[in-house]
Structures are given as C-alpha cells and as structure tokens.
Amino acid sequence: MADPTVLRDDLDLPVRLGPRPPRRVVSLVPSLTEAVAATAPGLLVGATDWCSHPADLAVTRIGGTKNPDVPGILALAPDLVLANDEENRRPDLDALRAAGLPVWVTDIRTLDDAFRSLDRLLTAACALPRPDWLDQAEAAWAPVRRPPDGPRAIVPVWRRPWMVLGRDTFAGDLLRRLGLRLVHAGHAERYPAVPLPELLACRPELVVLPDEPYRFTAQDGPEAFPGVPAALVSGRHLTWYGPSLVTAPTVLAHALDHPFTGGMNITS
C-alpha cells in the first residue's frame, strides 16, 4: 500500500492525506464549495448552509461556517475538509483533526493570495487538474490597473454595530485595484467597529455597501450616509474567491461607477 502524503496548507500546518486522491470532500467555506463544485462536481459530499453556489448543489448540509455539525461531518467520512482561517473557528477545526480528519485551511488576504491558494488547494490537496476558470479569472484581473486616485471610500460590512473594512483584507485589495482609497485601510484592525458619527466625520466620498455578510439594500444602509454616493455591490463578487472572480472586475466596476444618492443614480 502506498504511503500517505503529507502536504502543508496556507497556515503551514501539515495535512496528512491518504494514499489515494480525495474522493469525498466537505467544504466549510462557500467560496471553496463553489470552486470545487465548478472543478469536480462529484467530489463534494458536504457543505455549509451558507454554500449557495452552484444553485443546484445537492450535498449534505452540515451547519454554518461558525457552528458546523462536527458529528455530522464525521458521519460523512470525508477524505478532506476544506476551511478558511478567517471564516471558520479553530476549535471546530481542531475537533475535526482530533477525530482523524485531514483539514486544509486557506488564508487569503489579497487577490494574489487567492490565485496561489486556489491553485494549491485544487491541484495539490484535491489532486485535480488546474481548472480553466482559474486561468480565466487571472486573465480577467490582469489588466485591472485603475489609478489610485479614486474616491475616498468606507466599506461597511455590518450594522448594529457598524463595522468596516480595515487593513489587510481580500475585499479591500480588490477595491484598491479598482481605484478606491479606503479610509480605514491603515486601521490597526482588519474589521474595526466604528460608530456612525465617526464614519460620517471621515467625510467619505463614496460608501460601498455589499449584500453580505450584512445584507445592505437600497432601503437599508444608504440612508445612514445622507448626501454620500452609495454603491450597492455583490458580496459574492467582492468577498468570494472562486469562479466568481472571472466576472468580478466587470460586476464591481459597474456598481462602483454607478452609485446613487437618495435613490437617484449618479451618472456623471
């Protein structure tokens, strides 16, 4: 019998894989679920309740990203569990490891991180051919080089309390590439809680409101920033790293170029 393979994930932790390529994979991250499903649909046997893409995904649901059903995951007997250092809790991952499951953890802070991490996860950990969509995503982002003199922007990701993008985030890197200057990019925290009066005192020139993790809408969010242009953006295209990266430059640029104030689109 062939010896097991030991690889190291994005956190440089050893992942002991079986002697054969994984045939049963559980994903605890919506982005990674979509990435694996688009590359090898039959590989996934379990995913979280938040894994919404692809729409026809038919696998066992194992709870949320922050509260996965550990016994349920063990019952699926996966060859590999996929996780993310930001989205998943370390105690849950430690429990899976203690039960003998190999857990591969991604750590993605920039677009370049995403491309490297996805390639390693798919080709090394899952032993799959590099997918065409990953090449297409790299090609789609390669020419995106907007001058770094766009509007000073704040990017709320939660309300009650207000939380915004700070330093060292994947979403922030995408917006920077699209020309925005994030007001809180130099903050000591990655997702600081900032009271609304302080956000308004920053005098932002644009507020970017994604529809996840908090679901901002035209009726819930822009009214808190009177007179400030608001861009409603797809959270999947802003925060997911997977096949959505193929169309993300176009989708995000369109939303950023067509903000509105008081319900009226700004076209000039």
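Calculation rules
- Residues numbered from 1 in each chain as written.
- Predicted model: local features only at pLDDT ≥ 70, side-chain atom pairs only at ≥ 80, totals over all residues.
- Heavy atoms only, no water.
- Phe/Tyr/Trp six-rings, centres within 6.5 Å; stacked < 30°, edge-to-face > 60°.
- Helix = DSSP H or I, 4+ residues; strand = E, 2+ residues; numbered from the N terminus.
- Buried < 20%, exposed > 50% of the residue type's maximum accessible area, 1.4 Å probe, protein only.
- Axes fitted to C-alpha atoms, helices over the stretch in contact; angles between N-to-C directions.
- Parallel < 35°, antiparallel > 145°, perpendicular 65-115°, else oblique.
- Left-handed = near helix turned anticlockwise from the far one by under 90°.
- Contact = heavy atoms within 4.5 Å.
- Nonpolar A, V, L, I, M, F, W, Y, C, P; charged D, E, K, R; others polar.
- Arc of directions from axis to C-beta.
- Pairing = 2+ DSSP bridges.

### What to know about the packing of aromatic side chains
Both the distance between ring centres and the angle between the ring planes are used here to describe each pair of aromatic rings.
In step 1: Going through the model one piece at a time under the given rule, you end up with 5 aromatic pairs.
In step 2: Judged by centre distance (5.5 Å) and plane angle (90°), the ring pair of Phe-170 and Tyr-241 falls under edge-to-face. Here the residue Phe-170 occupies a position in helix H6 (residues 170–177), and Tyr-241 occupies one in the loop between helix H8 (235–239) and helix H9 (248–257), the gap between them amounting to 71 residues.
In step 3: In this structure Phe-170 comes out as buried when scored by relative accessible area, which is 5%.

### Structural notes on the packing of helix H1 (residues 30–39) against helix H4 (residues 111–125)
In step 1: Axis separation between H1 and H4 bottoms out at 11 Å; the angle between their running directions is 50°. Here H1 is positioned oblique relative to H4, judged by the angle of their axes. Crossing hand, H1 versus H4: right-handed. Here Leu-32, Ala-35, Val-36 and Thr-39 of H1 lie close against H4, whose contacting residues are Leu-118, Leu-121 and Leu-122.
In step 2: Its residues assigned to classes, the contact of H1 with H4 comprises 6 nonpolar, 1 polar and no charged.

### Topic: helix H3 (residues 90–98)
In step 1: All of the buried residues in H3 are Asp-92, Leu-93 and Leu-96. Angular distribution of buried residues about the axis of H3 spans 95°; they occupy a single face of the element. Exposed positions of H3 whose direction lies more than 90 degrees from the buried face are Arg-90 and Ala-98.
In step 2: Those residues of H3 that are buried are in contact with helix H2 (70–75), strand S6 (80–84) and strand S7 (103–106).
In step 3: Once H3 finishes, Gly-100 follows within two positions and takes phi at roughly 100°, a positive value.

### Some remarks on the sheet that holds strand S4 (residues 44–47)
In step 1: The parallel open sheet is built from 5 strands, whose spatial order is S5-S4-S3-S6-S7. Looking at strand neighbours, the two that pair on one side only are strand S5 (60–61) and S7, the edges of this open sheet.
In step 2: Bridge analysis of strand S3 (residues 25–27) against S6 gives 3 bridges, and the strand direction is parallel. Each bridged residue has a counterpart across the sheet, and for Val-25 the counterpart in S6 is Leu-80.
In step 3: Contacting S6 and S7, H3 runs over the sheet at an angle of about 155° to S7.
In step 4: On the sheet, H4 packs against S6 and S7 and is oriented at approximately 165° with respect to S7.

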